[in-house]
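Next come the chains, spelled out residue by residue.
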Amino acid sequence: PPVYKQRYSAVQQILLDYRWKKYMRKVVEFGCAEFRMFIYLKNLLSIEKVVFVDIAEDILVENSFKIKPLTIDYLKRRANPLVVDVYAGSVSSPDANLLHTDAVIAIELIEHLYPDTLDALPYNIFAFMQPKIAVFTTPNADFNILFPNFKKFRHYDHKFEWSKEQFQSWAINITHRFPQYTVYFEDIGFGPKGTEHLGACSQMAVFVKSSLVYDWPFNRALSRFDKSFTLIDQSI
Ligand code: SAM
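Residues numbered from 1 in each chain as written. Predicted model: local features only at pLDDT ≥ 70, side-chain atom pairs only at ≥ 80, totals over all residues. Heavy atoms only, no water.

Visitor: Just to check I follow, could you spell out the overall build of the chain for this structure?
Guide: If you tally the helices and strands in the chain, you get 8 helices and 7 strands. Counting only C-alpha atoms, the chain reaches 75 × 50 × 35 Å along its principal axes. The 236 residues of the chain split such that 43% are buried. In the chain, of all internal contacts separated by at least 6 residues, the share reaching a separation of at least 24 is 75%. Between the averaged position of the 27 positive side-chain charges in the chain and that of its 26 negative side-chain charges there is a distance of 7 Å. (Helix = DSSP H or I, 4+ residues; strand = E, 2+ residues; numbered from the N terminus. Buried < 20%, exposed > 50% of the residue type's maximum accessible area, 1.4 Å probe, protein only. Contact = heavy atoms within 4.5 Å. Lys, Arg positive; Asp, Glu negative; His and termini not counted. Charge placed at Lys NZ, Arg CZ, Asp CG, Glu CD.)

Here it is in structure tokens:
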């Protein structure tokens, strides 16, 4: 499948992770554009609410027919009805409608942001919203040398394109500022054989609220061996 579809599937797979799948009730997608991710969210039956946010109001209005229920949806009703809200607004703006969100999605959004908006984004998502997980994808600049006649960026509206190292340091820095989150990375859309060292076309960061995974046996086992105390005295 084309890379853009691989991105939607990769994000959908994250939401389906067995560790938090059942908690995914409210999902917010920033920079949703033409609602292409919608079908991938609609198929996840745990989701009860999807909130779409984009700064381009005209795109939202033009495409809003895509989120209306289909005939099949009336014939085959979900056990829990799906409510879909669409808002014009910025990923950097706190809004009461964003509270109680389980998952945040931002697919190929951050590279469109000016520095002030990019700076404000972590406060809105990780301090104000505090979702259980947050997924970001962005182009991998290391991969650009594979495009013939490549100029500066893949798209005229991109404000930057980050190497794997740049993207990972942005994300890891966020976890230092908001230590209740951990982050891991995945590549999306690999190139031809022999180009694996460049990574893939897109890169994805998955932030996870640590409290969500603490209860899992793996983490419990790890913490049993953790030594964070200093032994002061021991009488035998
Ligand atoms: N996520 C979409 C997809 O995968 O099909 C495509 C995203 S498109 C490349 C980037 C989108 O981000 C545009 O629709 C643009 O209007 C939106 N955008 C730009 N700045 C934004 C901001 N500050 N807040 C929310 N959306 C923004």
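After that view of the structure, there is still more to cover.
Visitor: Would you take a moment to explain the pattern of salt bridges for this structure?
Guide: Two side chains bearing opposite charge may form a pair once their charged atoms approach each other closely. Summed over the entire model, instances satisfying the criterion amount to 8 salt bridges. A salt bridge links lysine 49 to aspartate 85; the shortest N-O distance between them is 3.0 Å. Taken together, the residues lysine 49 in strand β2 (residues 49-54) and aspartate 85 in strand β3 (residues 83-88) connect sequence positions 36 residues apart. Where lysine 159 meets aspartate 157, a salt bridge forms, and the shortest distance between an N and an O atom there is 2.9 Å. Relative accessible area serves as the criterion here: at 24%, lysine 159 is assigned to the partly exposed category. The partly exposed category is assigned to aspartate 157, whose relative accessible area is 28%. (Salt bridge = Lys/Arg side-chain N within 4 Å of Asp/Glu carboxyl O.)

Visitor: What exactly am I supposed to notice about the sheet that holds strand β7 (residues 200-209) here?
Guide: Note on sheets: strands pair through backbone hydrogen bonds, and any given pair is parallel or antiparallel. The 7 strands lie next to each other as β3-β2-β1-β4-β5-β7-β6, forming an open sheet whose pairing is mixed. Each edge of the open sheet is held by one strand with a lone partner, namely β3 and β6 (181-190). Going across the sheet, the axis of each strand differs from the next one's by a mean of 15°, ignoring polarity. Direction of pairing for β2 relative to β3: parallel, over a ladder of 6 bridges. The residue of β3 that forms the bridge with lysine 49 is valine 83. Across the sheet, helix α1 (residues 3-15) is in contact with β4 (103-107), β5 (133-139), β6 and β7; its angle to β6 comes to roughly 150°. This element, helix α5 (residues 115-129), spans β1 (26-30), β4, β5, β6 and β7 of the sheet and lies at about 165° to β5. (Pairing = 2+ DSSP bridges. Axes fitted to C-alpha atoms, helices over the stretch in contact; angles between N-to-C directions.)

Visitor: I'm lost on the site of the ligand in this one. Help?
Guide: Looking at the ligand, there are 16 residues lining it, with Tyr8, Gly31, Asp54, Ser90 and Ile107 nearest. Here tyrosine 8 contributes a side-chain N or O atom positioned 2.7 Å from an oxygen atom of the ligand. Aspartate 54 has a polar side-chain atom sitting 2.6 Å from an oxygen atom of the ligand. Within the complex, the protein chains bury 84% of what would otherwise be the 600 Å² of accessible surface of the ligand. Here the shell around the ligand is composed, by residue class, of 8 nonpolar, 5 polar and 3 charged. (Near = heavy atom within 4 Å. Polar contact = N/O pair within 3.5 Å; in protein donor to acceptor, adjacent residues only side chain to side chain. Areas by Shrake-Rupley, 256 points an atom, 1.4 Å probe, with all protein chains shown as cover. Nonpolar A, V, L, I, M, F, W, Y, C, P; charged D, E, K, R; others polar.)

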